[in-house]
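Residues per chain are reported as follows:
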Amino acid sequence: MLNNSQYDALMREYQKRQTENRHRQEERVREVYEAVPELAGLEGGLGGISLAHARMLLGGEEEALPRLRERIAEFKKRREELLLAGGFPRDYMEPVYTCVECRDTGYAGGRKCRCLRQAEVAVLYNQSNLKYVLDRENFERATCEYYDRKLIVNEKTGLSQYDYMRAVIKECRAYAEGFREKGGNILFSGKAGTGKTFLTNCIAKELLDDAVAVIYLTAADLFQILSDRRFERGGPDREERYQGILSCELLIIDDLGTEIGGSLVNSDLFYCLNERGLRGLATIISTNLSMNGLRDHYSERVSSRIFSNYRIIPLFGEDIRIKKKMKERGT
């Protein structure tokens, strides 16, 4: 969902589109009148006919309306004949629309038009910082072929890494499909290259395509924005970036734990997570840290907030990116 300033900016684009298309129609009309002067007189005559019949209707003449419709039909037929004779398409003088469904208003049948929905998605993609990566990291490209069928991740059940990841991908799909109704927070933990960022990107694409406001930030970028706001740095867009973190429908924090720590980082992270929780907004975190590592790296109230409010999904195994490269090289 767009914020108010983003929506207003889109509506200004629609108003600009309407103005440009109105000017385009006016230019076409002038072009036709110069080429076919008879049409100018015909148009003026229709206005007089309409006014005369309106007066007749007000005077109680019941047959005025059928006669007016008949005269308008005759006018349209004659206009088309003159346009075609002059070498113009029959609809050349009609209003020009970029989107005929909503007539460049953004709404059709009381609902957002398809063109407005597409424009919203484009804005959200640009805001998300994920515009290009999602073409290759999405559920359509999700595969478990690089995960080990022999590596057992649960000794009690005998579950392999391969089967576990199939279940995780299914769970992530369900999360994305039910996001608008359920939302919820997720923490992906595991070594580098086990699929944490890929899974967050899969979820992000599904939600962005459904016009959900998603923002992706590395932990370093997140704390830079929070620090800029605290110390009044970062230029004129500082406040907008800060408010985006607190108000977007889904915030993705990638590689939490790689930033330089300290009391300010702990304070900023707690405020961010707590504020979003109070607003009922969802957050997804990925980290290379173990649960004990998170406790050691952050304050008790930060780790407690995460453990009590996030669905923790651990990922196992070694870096599958190495396996991919080896397969690509044929080794």
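Source: prediction; values computed, not measured.

Basis of the calculations
- Residue numbers restart at each chain and count upward from 1, following the sequence in its written direction.
- Only residues with pLDDT of at least 70 get local features here, since the model is predicted, and only at 80 or more are side-chain atom pairs given and counted; chain-wide, interface and lining totals rely on the full set of residues.
- Derived side-chain values reflect all non-hydrogen atoms in the structure, with water molecules and hydrogen atoms excluded from consideration.
- Whether a residue is buried, partly exposed or exposed follows from its accessible area with a 1.4 Å probe, protein chains only, as a fraction of its type maximum: under 20%, in between, or over 50%, in that order.
- Numbering of helices and strands starts at the N terminus; helices are DSSP runs of H or I of at least 4 residues and strands are runs of E of at least 2.
- Should DSSP find at least two bridges between two strands, the strands are regarded as paired.
- Throughout, right-handed denotes a crossover for which the path from the first strand over the helix to the second runs clockwise when the strands point away from the viewer.
- Salt bridge, as used here, is a side-chain nitrogen of Lys or Arg placed within 4 Å of a carboxyl oxygen of Asp or Glu.

### Some words on the pairing of strand β8 (residues 282-287)
Step number 1: Across the six residues of β8, six count as buried, placing the element largely inside the fold.
Step number 2: Pairing between strand β7 (residues 250-256) and β8: five bridges, direction parallel. Directly across from L251, in β8, lies its bridge partner T283.
Step number 3: With respect to chirality, the unit in which β7 leads through helix α10 (residues 263-278) into the neighbouring parallel β8 is right-handed.

### Looking at unusual backbone geometry
Trans is the prevailing form of peptide bonds, just as negative phi is the prevailing case for residues other than glycine.
Step number 1: We note that D104 has phi near 65 degrees; this positive angle belongs to a residue other than glycine.
Step number 2: Turning to its location among the elements, D104 is positioned in the loop between α3 (64-85) and β1 (107-108).
Step number 3: Judged by relative accessible area, D104 falls into the buried class, the value being 1%.
Step number 4: Even without glycine at this site, D255 takes up a positive phi of about 65 degrees.
Step number 5: What makes D255 partly exposed here is its relative accessible area of 28%.

### Observations regarding the pattern of salt bridges
Step number 1: Per the stated rule, a full pass over the model turns up 16 salt bridges.
Step number 2: The partner of R114 in a salt bridge is E101, with the nearest N and O atoms 2.6 Å apart. Within this pair, whereas R114 is found in helix α4 (residues 114-128), its partner E101 is found in the loop between α3 and β1, the two being separated by 13 residues in sequence.
Step number 3: A residue is classified by how much of its surface remains accessible, and R114, at 54% relative accessible area, is exposed.
Step number 4: A residue is classified by how much of its surface remains accessible, and E101, at 44% relative accessible area, is partly exposed.
Step number 5: A salt bridge links E318 to K191; the nearest nitrogen and oxygen atoms lie 3.4 Å apart. Taken together, the residues span a long stretch of sequence, with E318 in the loop between β9 (311-314) and α13 (320-329) and K191 in the loop between β5 (186-189) and α7 (196-209) at a distance of 127 residues.

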